[in-house]
Structure formats: C-alpha cells, structure tokens
Amino acid sequence: MRHVGWIAGAAAAALVAAGAITYAVAEDDGGGKVPAADSADAGFARDMAVHHQQAVEMSYIVRDRTEDTEVRRLAYDIAQTQANQRGMLLGWLDLWGLPKVSADAPMTWMGMGDMTSGSGSGGDGALMPGMATDTEMKKLGTLSGRRAEVYYLQLMTDHHKGGVHMAEGCAARCTVGVEKRLAQGMVEAQESEIALMADMLKERGAKPRP
C-alpha cells in the first residue's frame, strides 16, 4: 500500500505540473503570438503527441509481460512522463485553436515529410523515426519474461533516439519559449534513459539494435 500511495502521489504531482506548464503557454515569452498551423511549434506538438502515445502503449504492454521490478519501474516512469507531456502538447494546440491532425506528412515541419530514414520508420504503421512497426508491437505482446524485457528495451531505445531527433528539431525551430524548453528537457531526459537502457540490456546479455 505504501508503494501504491507513492505512485499515486507522484502521478498527481505530475498532473499538476502538466496543467501549470500548459497554462503558462498562454502567457509565454514569445510575444503572445499564436503559432501558425504549419509552424514548427504546431508540427512538433502534433507529431510528438503521436510518438509519445506509442511509447505509453509499449510501456503498458511490457508491464504485463514481466515481473522484473527494474523494467516495470522504468516502463511506469516512461508511460507517466510521456502521457503527461502528450497532454501538454495537445493542450497547447487547443489553446492555440489549431487542429490536432494535419494533411501534411509527419515531420514536414522539420523538412522531412517525404523521408523514411531512421530505425523503425517508414511503413507497417511506423509514421516517424524510431517508432515501432505494427508487427513489432504485436511481437512485444507475445513475449514474456527476459525476452519481453530485452525487446522492449531495444524498441524503446530506438523510440527515444527518434524522439531526441524530433525534440532537437523543436529546440532549434520552435518559437514558443515554454515549448522549446520542454523539447530541450525531452532531449536531456531521453538521452539519460538511453544510457540507462544500454546498461539494462548489458545486464541481460543483449545490446541495442544496430
């Protein structure tokens, strides 16, 4: 019960923080201008919301496929963090009065709308660099124990690498200060988790995918 209470408290604190940072966008230091629908700010918000959603799904899948405390804790942290950030991104689009979907291809705001480079991208349900394919997601749901742990860590490492690339793009191109700071925070946090997952894979006799 003590552990459950700690989790509930952490989740509540994260939701409060999410609400605060979403509201802060309305009075951001970018001069009060609302980004255009085809801006980097809007494109990043839309694309990263989709990217994050898959990370949340993968994390909940592996939590049901292993009893390993370390992996389950990491999966919970990733799911909660990225679900909250996704809420911020979609909340900003609402505040700006912009659509949550676009006719433009993903990554157009980065000049990559017609590209399929990056591990786990370019078909079979993978819309952006780093995203797992539908086939890979189904496979994760069939594994258990150590095999599920290794496959999740490999998929999530690829996913984070793609996420870092996108977040770096926003940090360089976005104009809304709060969003730029969130993007830079994503870069730092996900790079740290990539290093952590490399160690966790090593402990399990495995490596990140090439």
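**What about the overall build of the protein chain?**
Point 1. What the protein chain contains, in helices and strands, is 6 helices and 0 strands.
Point 2. Scanning the protein chain from its N terminus toward the C terminus, one meets helices and strands in the order α-α-α-α-α-α.
Point 3. Relative to its 210 residues, the protein chain shows a buried fraction of 46%.
Point 4. Summarising the internal contacts of the protein chain: among those between residues at least 6 apart in sequence, 73% fall at separations of at least 24.
Point 5. Accessible surface, the protein chain: about 10,300 Å² in total, of which carbon and sulfur atoms supply 56%.

**Section: the nonpolar core**
Point 1. In terms of nonpolar packing, the biggest core is built from 32 residues, with Phe44, Met48, Leu89, Trp92, Leu93, Ala167 and Met186 touching the most fellow members.
Point 2. Listed by contribution, the elements that provide at least two residues to this core are helix H2 (40-63), helix H3 (69-96), helix H5 (145-173) and helix H6 (177-203).
Point 3. Counting residues in each nonpolar core, the second largest holds 22 residues, with Val71, Ala148, Met197 and Ala206 among its members.

**With respect to the pattern of salt bridges**
Note on pairing: side chains with opposite charge can pair once their charged atoms come close.
Point 1. A full pass over the atoms with the stated rule returns 8 salt bridges.
Point 2. A salt bridge links Glu136 to Arg209; the nearest nitrogen and oxygen atoms lie 3.0 Å apart. Of the two residues, Glu136 is situated in helix H4 (residues 134-140) and Arg209 in the segment after H6; the sequence distance between them amounts to 73 residues.
Point 3. Residue classification places Glu136 among the buried residues on the basis of a relative accessible area of 13%.
Point 4. For Arg209, a relative accessible area of 21% gives the class partly exposed.
Point 5. Bridged by salt links that share partners, the residues Asp68, Glu70, Arg146, Glu149, Glu203 and Arg204 form one connected network.

**A short note on the side chain of Arg204**
Point 1. Mapped onto the secondary structure, Arg204 falls in the segment after H6.
Point 2. Arg204 gets classed as buried once you look at its relative accessible area, which sits at 11%.
Point 3. Sequence-distant contacts of Arg204, defined by excluding residues within four places in its chain, comprise Asp68, Glu70, Val71, Arg146, Glu149, Val150 and Leu153.

**Topic: the confidence of the model for the protein chain**
Point 1. Looking at the protein chain, the pLDDT average stands at 86 and 80% of residues meet or exceed 70.
Point 2. Across residues 1-23 the pLDDT falls below 50, and counting only partners more than four positions away or on other chains, this stretch makes 14 contacts in the model.
Point 3. Below a pLDDT of 50 lies the segment residues 116-121, which in the model reaches 20 contacts outside its immediate sequence neighbourhood of four places, other chains included.

About the criteria used
- Residues numbered from 1 in each chain as written.
- Predicted model: local features only at pLDDT ≥ 70, side-chain atom pairs only at ≥ 80, totals over all residues.
- Heavy atoms only, no water.
- Helix = DSSP H or I, 4+ residues; strand = E, 2+ residues; numbered from the N terminus.
- Buried < 20%, exposed > 50% of the residue type's maximum accessible area, 1.4 Å probe, protein only.
- Contact = heavy atoms within 4.5 Å.
- Areas by Shrake-Rupley, 256 points an atom, 1.4 Å probe, with all protein chains shown as cover.
- Core = buried A, V, L, I, M, F, W, Y, C linked by side-chain atoms within 4.5 Å.
- Salt bridge = Lys/Arg side-chain N within 4 Å of Asp/Glu carboxyl O.
- pLDDT = per-residue confidence, 0-100.

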